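Inside the fold
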Amino acid sequence: QVQLQESGPGLVKPSQTLSLTCTVSGGSISSGSYYWSWIRQPAGKGLEWIGRIYTSGSTNYNPSLKSRVTISVDTSKNQFSLKLSSVTAADTAVYYCASYGSGRSWFDPWGQGTLVTVSS
Amino acid sequence: QSVLTQPPSVSAAPGQKVTISCSGSSSNIGNNYVSWYQQLPGTAPKLLIYENNKRPSGIPDRFSGSKSGTSATLGITGLQTGDEADYYCGTWDSSLSAGLYVFGTGTKVTVL
């Protein structure tokens, strides 16, 4: 059974780039047809989908973040990553990685989430 | 940015039933499957319902989902204290060619 675990700095300075990694265990990130996604949740607020990358490497991003987001895959490490540039306090949130199989429309599993605070 | 509207909160006594609505449009709920997620305090969301009304293995049949037109509904019967959580609906929005996943505004369930 696939499990996901986020990792990365918990504190990022304004205007810098937020970088997070999601490690996939219990399966290969390059086997099968899966989409790997990032989702975030500011404290006390709802969920926001950031974007996804397919096993082939193709990506789709939320238009509201598209100019600042890059999602990539490292098959050698069985990981996928998120980079969000020019961050502000509004980017402070718990960031989750999640996945779903091709032909499916639901996110399962999810990582446990990691809090990223943007502050000087 | 949520385009799916849910009531902020619902409540009921233990053993009772609650329903949570999720209202969207033809570009999202109207033409795509709806999923529901349960988020217990301090934890990651967990899949509760997929493809409008299907339950993953391990989810009790006290939880049910339905969809009609551009709205979806989550029902919880035999309410338990352990059901106190935030619940989110979610679906794909087809208004953009690239696709955009949208979540509902979230509903807090309180067991009185």
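Residues numbered from 1 in each chain as written. Chains lettered and ligands numbered in written order. Predicted model: local features only at pLDDT ≥ 70, side-chain atom pairs only at ≥ 80, totals over all residues. Heavy atoms only, no water.

1. Regarding the overall build of chain A
- Looking only at helices and strands, chain A features zero helices and ten strands.
- Scaling as 2.2 N^0.38, a compact globule of 120 residues should have a C-alpha radius of gyration of about 14 Å, and chain A matches this with 14 Å.
- Each of the three principal axes of chain A carries a C-alpha extent, and together these read 40 × 25 × 25 Å.
- When burial is assessed residue by residue, chain A has 47% of its 120 residues classed as buried.
- Summarising the internal contacts of chain A: among those between residues at least 6 apart in sequence, 53% fall at separations of at least 24.
- Accessible area for chain A stands at about 5400 Å²; split by element, carbon and sulfur atoms hold 46% of it. (Helix = DSSP H or I, 4+ residues; strand = E, 2+ residues; numbered from the N terminus. Rg over C-alpha atoms; globule rule 2.2 N^0.38 Å. Buried < 20%, exposed > 50% of the residue type's maximum accessible area, 1.4 Å probe, protein only. Contact = heavy atoms within 4.5 Å. Areas by Shrake-Rupley, 256 points an atom, 1.4 Å probe, with all protein chains shown as cover.)

2. Thoughts on the interface of chain B and chain A
- Contact with chain B, which involves 19 residues of that partner, is made by 21 residues of chain A.
- Both sides together, the interface formed by chain B and chain A hides about 1800 Å², and carbon and sulfur atoms give 63% of it.
- Across the chain B-chain A interface, the total number found is zero salt bridges.
- Taken together, chain B and chain A are joined by five residue pairs in polar contact (both at pLDDT 80 or more).
- Partitioned by chemical class, the residues of the side of chain B that touches chain A number 13 nonpolar, five polar and one charged. (Buried area = accessible area lost by both parts, 1.4 Å probe. Salt bridge = Lys/Arg side-chain N within 4 Å of Asp/Glu carboxyl O. Polar contact = N/O pair within 3.5 Å; in protein donor to acceptor, adjacent residues only side chain to side chain. Nonpolar A, V, L, I, M, F, W, Y, C, P; charged D, E, K, R; others polar.)

3. Regarding the pairing of strand β9 (residues 107–111) of chain B
All names here are of chain B.
- The alternating pattern of β9 places T107, V109 and V111 on a buried face and K108 and T110 on a face that is not buried.
- Here four bridges tie strand β1 (residues 9–12) to β9, and the two strands are oriented parallel to one another. Its bridge partner being in β9, S9 is matched across the sheet by K108. (Pairing = 2+ DSSP bridges.)

4. A closer look at the layout of surface pockets
- In this structure, the largest pocket encloses a volume near 560 Å³.
- Lining the largest pocket we find 24 residues, and of these A:Q1, A:V2, A:D108, A:P109 and A:W110 sit closest to its centre.
- Listing elements by their share of the lining of the largest pocket, those giving two or more residues are β1 (3–7), β4 (34–41) and β9 (93–101) of chain A together with β4 (46–49) of chain B.
- With three residues, β9(A) is the largest single contributor of residues to the lining of the largest pocket.
- By residue class, the composition of the lining of the largest pocket is 14 nonpolar, seven polar and three charged. (1 Å grid on protein atoms, 1.4 Å probe; cavity = no way out; pocket = protein on both sides within 12 Å on 5 of 7 lines; lining within 4 Å. Points joined across faces, edges and corners; volume = space filled by probe spheres on them.)

5. Observations concerning the nonpolar core
- Ranked by internal contacts, the top residues of the largest apolar core, which has 43 residues, are A:F107, A:W110, B:W36, B:Y87 and B:F103.
- In terms of residues, this core owes the most to one element, strand β7 (residues 85–93) of chain B, which gives five residues.
- Discounting chain neighbours no more than four positions away, the residues touching B:F103 are A:I39, A:L47, A:E48, A:W49, A:F107, A:W110, B:S2, B:V3, B:L4, B:Y37, B:C89 and B:G90.
- Listed in part, the 24 residues of the second largest apolar core include A:L4, A:V24, A:L82 and A:C97. (Core = buried A, V, L, I, M, F, W, Y, C linked by side-chain atoms within 4.5 Å.)

6. Structural notes on the state of the cysteines
- Counted according to the given criterion, the structure contains two disulfides over all chains.
- Here A:C22 connects covalently by a disulfide to A:C97, the sulfurs 2.1 Å from one another. Around the S-S axis, the bridge from A:C22 to A:C97 shows a dihedral of about 65 degrees and counts as right-handed. Separated by 75 residues along the polypeptide, A:C22 in strand β3 (residues 18–25) and A:C97 in strand β9 bring together distant segments of the chain.
- Residue A:C22 is classed as buried on the basis of its relative accessible area, which comes to 0%.
- A residue is classified by how much of its surface remains accessible, and A:C97, at 0% relative accessible area, is buried.
- The disulfide bridge from B:C22 ends at B:C89, spanning 2.0 Å between sulfur atoms. On the sign convention where negative is left-handed, the bridge of B:C22 and B:C89, at about 75 degrees about the S-S bond, is right-handed. Highlighted residues: B:C22 in strand β2 (residues 18–23) and B:C89 in strand β7, separated in sequence by 67 residues. (Disulfide = S-S within 2.5 Å.)

7. Quick notes on unusual backbone geometry
- Residues A:D108 and A:P109 are joined by a peptide bond in cis, for which omega reads 10 degrees.
- Backbone geometry at A:N78 places phi at a positive 55 degrees, although glycine is not the residue there.
- Tracing the backbone through its elements, the reader meets A:N78 in the loop between β7 (69–74) and β8 (79–84).
- One non-glycine residue, B:N52, adopts positive backbone phi at about 75 degrees.
- Tracing the chain through its elements places B:N52 in the loop between β4 and β5 (63–68).
- Relative accessible area serves as the criterion here: at 13%, B:N52 is assigned to the buried category.

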